[in-house]
Amino acid sequence: MTSVYLDRIAATPLLPEVREAMGPFLGEAFGNPQSLHAAGRRAQEAVEEAREDVAALVGAQAAEIYFTASGTEANNFAIKGLALGHQAKGRHIVVSAIEHSSVLNSVKALERQGFTMTLVPVDGSGRVDPAAVEKALTKDTTLVSVMTANSEVGTIEPIAAIAAAAKPRGILVHTDAVAAAGSVSLDVQALGVDALSLAGDQFYGPKGGAALFVRKGVRILPLVDGGIQEGGRRGGTENVPAIVGLGRAARLAARDMDARRAALVPLRDSLLDELPGRIERVLVTGSRTDRLPHHASFCVEFVEGEAMLLSLDMQGVAASSGSACTSKALKASHVLLAMGLDHATAQGSLIFSLLDGTIPAGVDRLLEVFPPIVDRLRRMSPLWTEHLKKRGS
Amino acid sequence: MYSDKVMDHFANPRNVGVLAVADGVGQVGNPVCGDMMTFYIKVENDRLADVKFQTFGCGAAIAVSSMVSEMAKGKTLAEAMAITNDLVAEELGGLPKNKMHCSNLGADALHEAIKNYEDKRAGRAPAAKPAGDLHEHEGEACACPYCETALEEENKAFCRACHVEFEECPACGGITKKGDAVCIHCGAPLKKAS
């Protein structure tokens, strides 16, 4: 059976060049970057080279990049480190309603320490209105955090306009770019952000290699106290292989970004265009215009996401869903609810995210196996029966 | 994540469908909590001559419905009422901890259908839901631990969305399902309902 992997947002494979670059640091080049001797220097040089590559991917300076173990850690570091570092000025944080849980829960943790938060709503396409962010700002606001793109619905947010609203008031702006970095061109100068999170496992780097950009001169408190690693802002011996892998993946992403995008967009669009034509009562979630190049997401009415995922998996197709049943917590997706979808529709969430190198035959295979799956599940759905009754057939 | 038996019942569910002329119909769940099940029964000589179901929900919910229908078919009403959620989960070779909720719904839907049949036969209006007296919770509002729907002020012991009855865990104070062996939050053993 042909297998088709359409779950890039969960994991990407290592590119051969990335694995090759990491190889020595899983073997003979085991030195600690903080050591003075030759083994240490070799590791240190590799880490600094990776820092240059990551900085170049987002238009930053190498000294502004701090390595972390995950996108989640980068977001925790940004939210807590910036908010706590500026609490003498104010204790109000503005975030969008569709942020990743690592951002929302970091803010909730700060709320327990006396901070306050405003959640900015999104429109039906998952877009944050910069004017709504501006309206949420108070004299007490020190930090705004809005994601660059949402991994569940693919919508790319107007970060530059949001930053332009906050900056004149001296408010810091962070963006969680984990879903976007490596796939869309990002420049911290053009965006006007003070901090930006990214993770290499979203663009063919290893799990465990992630980073936070913090603009030079911006005060941030460390999340992990320890030694002098990462300029004293993130203690702990560097994960050299993961950092080297992240660096190489960033270099390749910068080099190949346009070509990758050019190959993915037609495939993405064929999915977005054709699926609703082949199955009735399917809606595209997220923006059609400002959208990640590898991302096609839908809600299939009257059926539940996990049941669709299991059925697709039996046909060799890997995808993901934001349905409540898919989440361990059995909670409906806060992203889809924030976009105004009802619980039942949100249960039918399905996300297809394409790896580079996905061939048109892979998308064709999905388009072929998926309609019968939906048909089978709908025939056992009481909601579908009810719908047919109402429709009078 | 799922046992082979669960996957078999998910891929080839038994007794899917609607009985146009049913002696009893039971519906539990709500799309808010993720699952919704409707059971239809046909009763002959105090036995379940036919059982059909429809389910909107995850793989576990579909497999549970299928298993319940298979276990119930041909049984007397008393035997069918004795099918418990634990028995269903056991027959399926176990369910992931966070999916036990689905097994609760399956047996509940069958029992609702039988009650509906008995009510109809006795000429009664459908039975009212039991009331409870759970204590106020500090901080966040009282919500169903399964679907997070806010529980009603006047009836905190019952989630209308999931049709689940609750009690307070004596160890952690969290709301957990009544009649379960252990608390879903802290795993502390619960007293069996008498």
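Fair warning: this is a prediction, and the values are worked out from it, not measured in the lab.

Turning our eyes to something else, we now look at the overall build of chain B. A tally of helices and strands in chain B yields 5 helices and 6 strands. For chain B, the succession of helices and strands along the chain, N to C, is α-β-β-β-α-α-α-α-β-β-β. Taking all 194 residues of chain B together, 45% fall into the buried category. The long-range share in chain B, meaning contacts at least 24 apart out of those at least 6 apart in sequence, stands at 53%.

To continue, consider the interface of chain A and chain B. On the side of chain B, 22 residues touch chain A, which itself brings 19 residues to the contact. It is helix α9 (residues 305-314) of chain A that provides the largest number of residues to the side of chain A that touches chain B, a total of 4 residues. For the side of chain A that touches chain B, the per-class residue count stands at 11 nonpolar, 4 polar and 4 charged.

Each regular strand shows side chains that alternate between the opposite faces of the sheet. Residues and elements named next belong to chain A. Here strand β12 (residues 349-353) lies mainly inside the structure; 5 of its 5 residues are buried. Going residue by residue along β12, you find S349, I351 and S353 tucked away on one face and L350 and F352 tucked away on the opposite face as well. In this sheet, β12 lies alongside strand β10 (residues 295-300) in antiparallel orientation, the contact comprising 5 bridges. In the sheet register, S297 faces β12, and the bridge partner there is I351.

Okay, α9(A) next. The buried count for α9(A) comes to 8 of 10 residues, which makes it a mostly enclosed element. The set of residues buried in α9(A) consists of G305(A), E306(A), A307(A), M308(A), L309(A), L310(A), S311(A) and L312(A). Where the residues of α9(A) are buried, they touch β10, β11 (317-318), β12 and α12 (360-379) of chain A together with α1 (4-11) and α2 (59-72) of chain B. After α9(A) finishes, the residue G316(A) shows a positive phi value of roughly 85°.

Within the secondary structure, H334(A) sits in helix α10 (residues 334-338). Here the alpha-carbon distance between H334(A) and A38(A), two residues 296 residues apart in the chain, equals 51 Å.

In this section: the nonpolar core. Judged by nonpolar contacts, the single largest core of 163 residues is most densely connected at V58(A), I162(A), A211(A), F213(A), I41(B) and V64(B). Among the elements that make up this core, the one with the highest residue count is helix α8 (residues 240-278) of chain A (13 residues). Non-local contacts of F213(A), meaning those with residues more than four positions away in its chain, are made with V58(A), A60(A), E64(A), I65(A), V188(A), A195(A) and L196(A).

Attention now moves to the sheet that holds β12(A). Residue and element names in this part refer to chain A. Taken together, 3 strands build an open sheet; the order of strands is β9-β10-β12 and the sheet is antiparallel. Edge strands, defined here as strands with exactly one partner in the open sheet, are β9 (282-284) and β12. Mean inter-strand twist for the sheet, computed between neighbouring axes without regard to direction, equals 25°.

Next up on the list: the domain arrangement of chain A. All names here are of chain A. Domain boundaries assigned for chain A yield domain 1 (4-10 + 257-391) and domain 2 (16-253). Centre-to-centre, using C-alpha coordinates, domain 1 lies 29 Å away from domain 2. Counting residues at the interface gives 19 residues for domain 1, matched by 22 residues for domain 2. Within the residue set of the side of domain 1 that touches domain 2, elements represented by two or more residues are β10 and α10. By residue class, the composition of the side of domain 1 that touches domain 2 is 8 nonpolar, 9 polar and 2 charged.

Let us look at unusual backbone geometry. Residue and element names in this part refer to chain A. Positive phi outside glycine occurs at R281, with the angle close to 55°. Among the structural elements, R281 can be located in the loop between α8 and β9. Note on R281: 16 C-beta atoms within 10 Å, which makes it partly exposed.

Residue and element names in this part refer to chain B. The terminal C-alpha atoms of α2 lie 20 Å apart, and with 14 residues this matches the ideal 20 Å at 1.5 Å per residue to within 8%. Where burial is concerned, most of α2 is hidden: 12 out of the 14 residues are buried. Three or more residues of α2 are buried, namely G59, A60, A61, I62, A63, V64, S65, S66, M67, V68, S69 and A72.

Residue and element names in this part refer to chain A. Pairing between strand β3 (residues 92-96) and strand β4 (residues 116-120): 5 bridges, direction parallel. Note that in β4 the partner of V95 across the bridge is L119. Regarding topology, helix α4 (residues 101-111) serves as the crossover connection from β3 to the parallel β4, and that connection is right-handed.

Rules of the game
- Positions within a chain are numbered from 1, following the residues in the order the chain's sequence is written.
- For naming, the first written chain is A and the first written ligand is 1, with later ones following in the order written.
- Given that this is a predicted model, residues contribute local features only at a pLDDT of at least 70 and side-chain atom pairs are listed and counted only at 80 or more, while totals for whole chains, interfaces and linings are drawn from all residues.
- A run of H or I in DSSP counts as a helix once it spans at least four residues, and a run of E counts as a strand once it spans at least two, with each numbered from the N terminus.
- Put plainly, a residue is buried at 20 or more neighbouring C-beta atoms within 10 Å of its own, exposed at 12 or fewer, and partly exposed in between, counting only other residues' C-beta atoms, which are placed from the backbone.
- Contact between two residues is assigned whenever their backbone-derived C-beta positions fall within 7 Å.
- Under the convention adopted here, Pro, Cys and the residues Ala, Val, Leu, Ile, Met, Phe, Trp and Tyr are nonpolar, Asp, Glu, Lys and Arg are charged, and Gly plus all remaining residues are polar.
- Any two strands with at least two DSSP-identified bridges between them are counted as paired.
- Note on definitions: a nonpolar core is a set of buried residues drawn from Ala, Val, Leu, Ile, Met, Phe, Trp, Tyr and Cys, linked by C-beta atoms within 7 Å.
- Between the N-to-C directions of two axes lies an angle of 0 to 180 degrees, each axis being a line fitted to C-alpha atoms and, for a helix, fitted only over the stretch in contact.
- Throughout the structure description, domain borders are defined by an automatic or database domain assignment.
- Each residue after the first adds 1.5 Å to the expected span of a helix.
- Throughout, right-handed denotes a crossover for which the path from the first strand over the helix to the second runs clockwise when the strands point away from the viewer.

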